[in-house]
Amino acid sequence: MSVKDEVLECIKSAGAPVSAGEVEKLSGLDRKAIDKAFKELKQENAIVSPVRCKWEAAQ
């Protein structure tokens, strides 16, 4: 599983919008890798931000 897939799964399993820091705590992944995955997921429209600095999976 790629880092991007792990981040997306972590966001989905959280059940609420999460920040990159919360994903880091939940997954144990490196913050730089998480930030890169967030950037790619945003470009793919796989995640959306309902609240500033918080992200959730797109519908």
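Residues numbered from 1 in each chain as written. Predicted model: local features only at pLDDT ≥ 70, side-chain atom pairs only at ≥ 80, totals over all residues. Heavy atoms only, no water.

**Comments concerning helix α3 (residues 31-43)**
Here is step 1: In a regular helix each residue adds 1.5 Å, so 13 residues correspond to 18 Å; α3 covers 18 Å between its end C-alpha atoms and thus fits that length.
Here is step 2: Inspection of α3 places I34, A37, F38 and L41 among the buried residues, and these make up the whole buried set. In an axial view of α3, the angular spread of the buried residues amounts to 105°, which keeps them on one side of the axis. Seen from the buried face of α3, the exposed residues on the opposite side, beyond 90 degrees, are K32, K36, K39 and Q43.
Here is step 3: The backbone nitrogen of K32 has a side-chain oxygen 3.3 Å away, supplied by the residue at the start of α3, namely D30.
Here is step 4: Just past α3, the residue N45 takes up positive phi, approximately 60°. (Helix = DSSP H or I, 4+ residues; strand = E, 2+ residues; numbered from the N terminus. Expected span 1.5 Å × (residues − 1). Buried < 20%, exposed > 50% of the residue type's maximum accessible area, 1.4 Å probe, protein only. Arc of directions from axis to C-beta. Polar contact = N/O pair within 3.5 Å; in protein donor to acceptor, adjacent residues only side chain to side chain.)

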